[in-house]
Amino acid sequence: MKKPDLIIFDLGRVLVDFDFSRVIQSLKRHSPLTEKQIYHFFVKTPLWDSFERGETEPKEFFLQLTKELHLEALTFTEFKPLWNSIFTEKHDSVSILQRLRGRYRIALLSNVNTMHWDYIVETHDFMGWFDHPIASFAVGQRKPDLDIFRTTLHIAEVTPSQAIFIDDMESHVLAARSLGIRAHQFVNARQLANDLDGILE
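Residues numbered from 1 in each chain as written. Predicted model: local features only at pLDDT ≥ 70, side-chain atom pairs only at ≥ 80, totals over all residues. Heavy atoms only, no water.

Draft legend 1. Here's a closer look at the environment of Thr159. Looking at where Thr159 falls in the secondary structure, it is placed in the loop between helix H9 (146–156) and strand S6 (163–167). On the accessibility criterion, Thr159 (38% relative accessible area) is partly exposed. Distance from Thr159 to Leu179, taken between C-alpha atoms, is 9.6 Å for residues 20 residues apart in sequence. (Helix = DSSP H or I, 4+ residues; strand = E, 2+ residues; numbered from the N terminus. Buried < 20%, exposed > 50% of the residue type's maximum accessible area, 1.4 Å probe, protein only.)

Okay, here's the thing in structure tokens:
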């Protein structure tokens with residue numbers, strides 16, 4: 001494989017796993033809605049997109065949730081750990097990232113809200129390894145929008161053919177490929193090692 005100038009990693013389901021059902025279960029304790037209703041709210045609401053684009057601030061996001069989900073007896077201070085404590089590090093993937101660190105420039109490209117980002121930065125050391133950490137809320141763009149890939153390439157000063165992109169979402173991989181980026185859909189760490197054959201040597 002041709003050596004890249006930049007290797008771009010997704011965050012969720014690639015470097016950290018998450019269990020959003022824990023958020024739903026916790027919110028159910030403060031809401032008259034069922035867990036299924038709360039789940040469908042998050043699937044359909046434009047509030048999620050707005051939060052991950054940095055258009056809605058955390059306290060405003062919480063106030064909107066309080067209104068839409070009819071939350072009671074829950075303060076923003078209590079909401080923060082409920083919202084954030086859902087992540088577990090994928091150590092096998094992070095070990096691959098560590099092998100690349102210092103030998104290649106590495107970037108992070110994540111659809112993420114500011115609360116989750118800040119929490120992961122505080123609790124996972126690998127977040128300090130990236131040459132170019134790029135979060136959707138910070139740039140106002142989200143995958144699979146092509147502009148967020150263009151922004152990443154611009155920040156890193158590379159052409160599409162000089163970059164490799166790794167993401168678990170097929171739509172994101174296809175978007176990256178449409179720009180000429182070499183993109184691989186993440187399945188597990190073993191498959192990732194195979195996809196990076198010749199680079200991890």
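Draft legend 2. Layout of the nonpolar core. Phe9, Leu15, Leu27, Phe42, Phe79, Leu100 and Phe126 are the most contacted members of the largest nonpolar core, which totals 52 residues. Among residues more than four places away in sequence, those in contact with Phe42 are Phe20, Leu27, Trp48, Phe61, Leu65, Leu69 and Trp83. With 18 residues, the next largest nonpolar core counts Leu6, Ala163, Leu179 and Ile181 among its residues. (Core = buried A, V, L, I, M, F, W, Y, C linked by side-chain atoms within 4.5 Å. Contact = heavy atoms within 4.5 Å.)

Draft legend 3. Looking closely at the packing of aromatic side chains. Taken as a whole and judged by the stated rule, the model has 18 aromatic pairs. Residues Phe62 and Phe79 carry aromatic rings whose centres are separated by 5.1 Å and whose planes lie at 35° to one another, so their mutual orientation is tilted. Linking Phe62 in helix H4 (residues 58–68) with Phe79 in helix H5 (residues 76–84), this pair joins segments that are 17 residues apart in sequence. Here the aromatic cluster, defined as three or more aromatic residues joined through ring pairs, consists of Phe20, Phe41, Phe42, Trp48, Phe51, Phe61, Phe62, Phe76, Phe79 and Trp83. (Phe/Tyr/Trp six-rings, centres within 6.5 Å; stacked < 30°, edge-to-face > 60°.)

Draft legend 4. Local environment of the sheet that holds S6. With respect to topology, 5 strands assemble into an open sheet ordered S5-S4-S1-S6-S7, the strand pairing being parallel. In this open sheet, the two edge strands, each paired with only one partner strand, are strand S5 (132–135) and strand S7 (182–185). Neighbouring strand axes in the sheet, compared pairwise and without regard to direction, differ in orientation by 15° on average. Where strand S1 (residues 6–9) lies against S6, 4 bridges are found, and the strand directions are parallel. Residue Phe9 lies in a different strand from S6, and its bridge partner there is Ile166. (Pairing = 2+ DSSP bridges. Axes fitted to C-alpha atoms, helices over the stretch in contact; angles between N-to-C directions.)

Draft legend 5. The arrangement of helix H7 (residues 114–123) in detail. Those residues of H7 lying buried are Thr114, Met115, His116, Trp117 and Ile120. The backbone nitrogen of Met115 has a side-chain oxygen 3.1 Å away, supplied by the residue at the start of H7, namely Asn113. (Polar contact = N/O pair within 3.5 Å; in protein donor to acceptor, adjacent residues only side chain to side chain.)

Draft legend 6. Broad picture of helix H6 (residues 91–100). Restricting attention to buried positions, one finds in H6 the residues Ser93, Val94, Ile96, Leu97 and Leu100. Mapping the buried residues of H6 onto a view down its axis gives an arc of 155°, with all of them on the same face. Buried positions along H6 lie against S1, strand S3 (87–89), strand S4 (105–110) and helix H11 (189–195). After H6 finishes, the residue Gly102 shows a positive phi value of roughly 90°. (Arc of directions from axis to C-beta.)

Draft legend 7. Examining the side chain of Ser110 more closely. For Ser110, the position within the fold is in strand S4. Apart from residues no more than four positions distant in its own chain, Ser110 is found in contact with Asp10, Leu11, Trp117, Ile134, Ala135, Ser136 and Lys143.

Draft legend 8. Molecular detail of the pattern of salt bridges. A full pass over the atoms with the stated rule returns 9 salt bridges. As a salt-bridge pair, Arg13 and Asp17 come within 2.7 Å of each other at their nearest N and O atoms. Relative accessible area serves as the criterion here: at 34%, Arg13 is assigned to the partly exposed category. Salt-bridge contacts for Asp147 lead to Arg150; the nearest nitrogen and oxygen are separated by 2.9 Å. Pair noted here: Asp147 and Arg150 are both in helix H9, with a separation of 3 residues, about one helical turn. Through salt bridges that share partners, Asp49, Glu52, Arg53, Arg142 and Asp145 make up one connected network. (Salt bridge = Lys/Arg side-chain N within 4 Å of Asp/Glu carboxyl O.)

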